[in-house]
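Summary of structural features
If you want the building blocks of each chain, they are given just below.
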Amino acid sequence: MELVRHLISDPDWWLKRLLASILLILGYWLINRVLGNAITSLNGLLKKHRPISRSISSSYAAIFRRVMRWALGLLLLVLILRVWGADVSVVWTTFVGMLAVIGVGLLATWTMASNVTARFFIWFWQPVRLGQRIEIFPENLCGRVMEENLMFTELRQDDGHVIVIPNNLLFQRVIRRAPENGPGDKKE
């Protein structure tokens with residue numbers, strides 16, 4: 001409503017905001033172009049000095065350009081809304097809240113996918129087996145593998161306590177396996 005009042009009663013207010021918006025758009029275009037050229041030059045320099053990583057640096061450059069363009073576009077939108085008198089605190093709060101939810105969701109999804117994928121590799125390569133006694137370094141966790149599922153592997157320690165270990169940890173740590181049917185092992 002305030003915008004309509006200003007448009008009718010104060011054309012200078014309208015022209016100032018229009019000029020500021022045009023300047024912001026030109027600034028966005030200029031910064032986007034300069035940074036895009038800098039990324040292209042840096043990518044060319046990397047290709048010249050590291051020929052093995054050509055495809056890798058090109059894909060990273062494309063991703064970086066896209067992220068930069070989106071970030072600058074969001075900043076442009078917020079600045080233009082601010083110039084026209086809109087309250088951007090709600091937009092900013094909503095955006096930050098959405099990013100937090102997306103980040104937590106991606107972290108949870110990554111953790112679950114990592115553990116499930118690790119379980120399939122454990123089944124395939126069998127670095128540990130059900131009933132086998134293992135020790136995990138540097139934590140010095142040791143016990144007998146009692147349970148395996150898609151997310152966790154359970155070790156029963158000598159004192160009877162059970163340690164629940166995420167499957168992906170078995171790929172991130174050094175594992176010492178006790179010899180099968182060795183001292184203290186029951187023959188199957």
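One structure accompanies this document, and this report is about it. (Residues numbered from 1 in each chain as written. Predicted model: local features only at pLDDT ≥ 70, side-chain atom pairs only at ≥ 80, totals over all residues. Heavy atoms only, no water.)

Regarding unusual backbone geometry
Following F137, the chain continues to P138 via a peptide bond in cis, the omega torsion being 5°. Following the sequence through the fold, P138 ends up in the loop between β1 (133-137) and β2 (141-148). Look at N140: it is not a glycine, yet its phi comes out positive at around 55°. (Helix = DSSP H or I, 4+ residues; strand = E, 2+ residues; numbered from the N terminus.)

A closer look at the nonpolar core
In this structure, I122, V128, I134, I136, V145, L155, I163, I165, L169 and L170 together form the largest nonpolar core, which totals 10 residues. Going through the elements one at a time, β1 and β4 (162-166) are the ones with two or more residues in this core. Discounting residues that sit within four places of it in the chain, V145 has contacts with V128, R129, L130, G131, Q132, I134, T153, E154 and L155. (Core = buried A, V, L, I, M, F, W, Y, C linked by side-chain atoms within 4.5 Å. Buried < 20%, exposed > 50% of the residue type's maximum accessible area, 1.4 Å probe, protein only. Contact = heavy atoms within 4.5 Å.)

A few points about helix α4 (residues 89-125)
Counted at 1.5 Å a residue, the expected span for α4 with its 37 residues is 54 Å, and the 53 Å between its end C-alpha atoms agrees. Contacts from the buried residues of α4 go to β2, β3 (152-156) and β4. (Expected span 1.5 Å × (residues − 1).)

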